[in-house]
Amino acid sequence: MRLPRPRRRLLSALLVLPVLALVAGCGPKTTQWSAPSSPSASPGRGQAASPTPTASPNPFDGKTPRFDPAPPPEPINLAGGPTAPLLSSIPTTQKVAFLTIDDGWIKKPEAIALLKASGVPVSLFLLSPAAKENPAFFKELVANGATIQAHTVNHLSMPSLSYERQKQEICGSADELGKLFGTRPTLFRPPFGDYNQNTLRAAHDCGMKAVLYWKQTVDKGKVRYQGEWGKMQPGDIVLMHFREAYVDDFTAALNAMKANGLTPALLENYIP
Ligand SMILES: [Zn+2]
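A brief look at the structure comes next.

Criteria and thresholds
- What you see as residue numbers is a count from 1 along each chain, following the sequence as written.
- Reporting in this predicted model follows two pLDDT cut-offs: at least 70 for local features of residues, and 80 or more for side-chain atom pairs to be given and counted; totals over whole chains, interfaces and linings ignore these cut-offs and use all residues.
- Side-chain numbers here rest on the full set of heavy atoms in the structure, without hydrogens or water.
- A helix here means a DSSP run of H or I that spans at least four residues, while a strand means a run of E at least two residues long, and both kinds are numbered starting from the N terminus.
- Under the scheme applied here, a residue whose accessible area is under 20% of the maximum for its type counts as buried, over 50% as exposed, and between as partly exposed, the area being computed with a 1.4 Å probe on protein chains only.
- Contacts were defined at the residue level, with two residues in contact if any of their heavy atoms lie within 4.5 Å.
- Ligating atoms shown are N, O and S within 2.8 Å of the metal, or 3.2 Å for Na, K and Ca, and water is not included, meaning a site may look less than complete.
- Whenever a helix is involved, its axis is fitted only over the stretch in contact; in every case the axis is a line through C-alpha atoms, and angles between N-to-C directions fall within 0 to 180 degrees.
- An angle counts as roughly parallel when it lies under 35 degrees, as roughly antiparallel when it exceeds 145, as roughly perpendicular when it falls between 65 and 115, and as oblique in every other case.
- By definition, any crossing whose near helix is turned counterclockwise from its far helix by less than a right angle is left-handed, and any crossing with a clockwise turn is right-handed.
- To form a nonpolar core, buried Ala, Val, Leu, Ile, Met, Phe, Trp, Tyr and Cys residues must be joined to one another through side-chain atoms within 4.5 Å.

### Details of the overall build of the protein
Argument step 1. Looking only at helices and strands, one finds seven helices and ten strands in the protein.
Argument step 2. Burial analysis of the protein (272 residues in total) assigns 50% to the buried set.
Argument step 3. Contacts spanning at least 24 positions in sequence make up 72% of the contacts within the protein whose residues lie at least 6 apart.

Structure representation (structure tokens):
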């Protein structure tokens, strides 16, 4: 575990509570080290830690940062026209940021409990075949605060395709995701962030309100910042993926927002 020395000392002091060792790996200073509510703590020690009598055990309870409530959203103005606008952040002064998660082939079961414990909204940009493989997994995420948006069928670099082929990829994924989840996506993220004018036109013609880019990316539990290291701005869009390091990446993204005084908000609420 990549913990700074003081944290190691704290941890070893607390190792009598075995649950703490489970998910501690990526928590920088903003992680809250409240007593675990999981029943895997020793019998007889847990009575003071139970948050509510009805809560089912969640191994991530107390392991994700707590945020101030998101402010009432202020939707932005989108330019009209024949192309969908490209957004890498939401122009706002509100202290909010947006977590987006791409692809969907790797479905870590912990993602559901983690989202539930964190209580934050996220936008999932899914490949329609990856969603179709196990819609129940994503429906559980939706039940816990996720929304579903489009990311093509075949994950091809859009500029290599004709306008018509781009349209098939965008409309095709949106139609399928709409069928699977009951709501047709209205936002699109191009694979690899690659796009051209045809992408923006095809996205518009498929009913997409905007094409989404990003500011920060998260991989293997580390945030890559644009500009000054460690700094995020209000309205920033953070990109991570459904990957093996899902838990570390999700936690790192939230810790970065917390360290910058930003609260996760729902992207869709800002795009009218
Ligand atoms: Zn992708």
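### Quick notes on the coordination of the zinc ion
Argument step 1. Listed as protein donors to the zinc ion are D103 (OD), H151 (NE2) and H155 (NE2); their distances from the metal cover 2.0 to 2.1 Å.
Argument step 2. Positions of the donor residues of the zinc ion along the chain correspond to the pattern D-x47-H-x3-H. Within this pair, whereas D103 is found in strand β2 (residues 96-103), its partner H151 is found in the loop between β4 (146-150) and α5 (163-181), the two being separated by 48 residues in sequence. Like H151, D103 is buried.

### Some words on the packing of α5 against helix α6 (residues 197-205)
Argument step 1. Where α5 meets α6, the axes come as close as 9 Å, and the angle between the chain directions of the two elements is 45 degrees. Viewed along their axes, α5 and α6 adopt a mutual orientation that is oblique. Between α5 and α6 lies a crossing of right-handed hand. Contacts between α5 and α6 involve Y163, Q166, K167 and I170 on the former and, on the latter, N198, T199, R201, A202, A203 and D205.

### Observations concerning the nonpolar core
Argument step 1. Ranked by size, the top nonpolar core spans 53 residues in total, and within it L99, L124, F138, L141 and F250 carry the most contacts.
Argument step 2. It is helix α7 (residues 246-259) that contributes the most residues to this core, eight residues altogether.
Argument step 3. One finds I76, L212, W214 and I237 within the second-largest nonpolar core, a separate group that totals 16 residues.

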